[in-house]
Amino acid sequence: MQNCKSRVMKFHGVQRVWEMSMKRGISGSPCSWKPISDKGRMPLHKLSIEGVNDIIAVASGKGGVGKSTTAVNLAVALAVTCRLKVGLLDADVYGPSIPTMMKLQGRPQVTEDMKMVPMENHGVKCISMGFLTEKDAPIVWRGPMVMSALEKLTRGVAWGNIDILVADMPPGTGDAQLSMSQRLQLSGAVIVSTPQDIALLDARRGANMFRKVEVPILGLIENMSCFKCPHCGQDSYIFGNKGAQLTAQEMEMEFLGEVPLNTEIRETSDAGNPIVVAYPDCEASKAYKRIAGRIVEKLYELKTSKVSTPQIII
């Protein structure tokens, strides 16, 4: 048994080994779990990234709700409007979109200590798996390879001094999300959803995942909240009305704001020129800027109340 434990501990990403006994314990439980070794436990100070003050995860339980678009515009708003030093991590390994949305291409340079130098645009330092693969190449990886890639995209990058690192998380609650939550000292998570009931069901799952690993929820953003007809000016609630706001109240999360559905957001994202830069005075840009400002306030409130992210042990 000891030989098996030592071999398992050699696998990348394994921090702790547990033994499962199928014999009934004293409590009558059919399974008894026992921690075998503390070897490899990651100390709390090693959960942070050198030079990075705060890390926030922009997440959703479902794809197609505009999470990456939201992450990009929030990062640029934090840099341009809040005048912070900002990094943007494309943690969506299977579907990296940050290179297109930030109009960046090519391979990152490497420092003498073999760390990647993030590319920069609109005042935001960016790193993405999209910089390391061909444009249309599929990423066909299993969990351990994904976790190894995320480790390289976080601690294998020369970020320099960063006030806030915005992590564009992949949708869902799988290996990548758990790996990020457990291996990084996240300051908080922002949940993005449309007002649609189906999307909100998955948003609830995403929020509950972060709560289980004790990552503070900064709030919920309602994306594609309303479409205003460019001809008559009438509002159309295509995906429902106030769904995310009601969900935030039910789950005791702060409702950070709503972002409208319009063609300019799509056009500027495809062109690699985020709307907060292309049309800084439009309604959508103002919404992103208000939300970015509130996120900064929430991070300050968490720090002053001395709420810290606990150590997560695998």
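Just so we're clear, the structure is a prediction, and the values are computed from it rather than from any experiment.

Time to look at unusual backbone geometry. Positive phi outside glycine occurs at Lys-103, with the angle close to 55 degrees. By the element assignment, Lys-103 lies in the loop between helix H3 (98–101) and strand E5 (119–121). You can call Lys-103 exposed: its relative accessible area is 61%. Unusually for a residue other than glycine, Met-114 sits at a positive phi of about 65 degrees. For Met-114, a relative accessible area of 65% gives the class exposed.

A few words now on the pattern of salt bridges. Any two side chains of opposite charge can pair, so long as their charged atoms come close to each other. Taken as a whole, this structure holds 13 salt bridges when the rule is applied. With a shortest N-O distance of 3.3 Å, Glu-151 and Arg-155 are connected by a salt bridge. Considered together, Glu-151 and Arg-155 belong to a single accessibility category, that of buried residues. The closest approach of N and O atoms between Lys-298 and Glu-254, which form a salt bridge, is 3.3 Å.

Further remarks concern the environment of Phe-239. When you line up the elements, Phe-239 lands in the loop between strand E10 (235–236) and helix H7 (243–250). Overall, the relative accessible area of 28% leaves Phe-239 in the partly exposed class. Considering only alpha carbons, one finds Phe-239 and Thr-194, 45 residues apart in sequence, at a separation of 6.8 Å. Filtering out sequence-adjacent residues up to four positions away, Phe-239 remains in contact with Pro-195, Gln-196, Met-224 and Leu-261.

All right, on to the packing of helix H2 (residues 67–80) against helix H10 (residues 283–304) then. At their nearest, the axes of H2 and H10 sit 9 Å apart, and the two run at 70 degrees to each other. Between H2 and H10, the angle falls in the class roughly perpendicular. Contacts between H2 and H10 involve Thr-69, Thr-70, Asn-73, Leu-74, Ala-77 and Leu-78 from the former and Tyr-288, Lys-289, Ile-291, Ala-292, Ile-295 and Val-296 from the latter. Residues that form the contact of H2 with H10 fall into these classes: 8 nonpolar, 3 polar and 1 charged.

Rules used in this analysis
Residues numbered from 1 in each chain as written. Predicted model: local features only at pLDDT ≥ 70, side-chain atom pairs only at ≥ 80, totals over all residues. Heavy atoms only, no water. Helix = DSSP H or I, 4+ residues; strand = E, 2+ residues; numbered from the N terminus. Buried < 20%, exposed > 50% of the residue type's maximum accessible area, 1.4 Å probe, protein only. Salt bridge = Lys/Arg side-chain N within 4 Å of Asp/Glu carboxyl O. Contact = heavy atoms within 4.5 Å. Axes fitted to C-alpha atoms, helices over the stretch in contact; angles between N-to-C directions. Parallel < 35°, antiparallel > 145°, perpendicular 65-115°, else oblique. Nonpolar A, V, L, I, M, F, W, Y, C, P; charged D, E, K, R; others polar.

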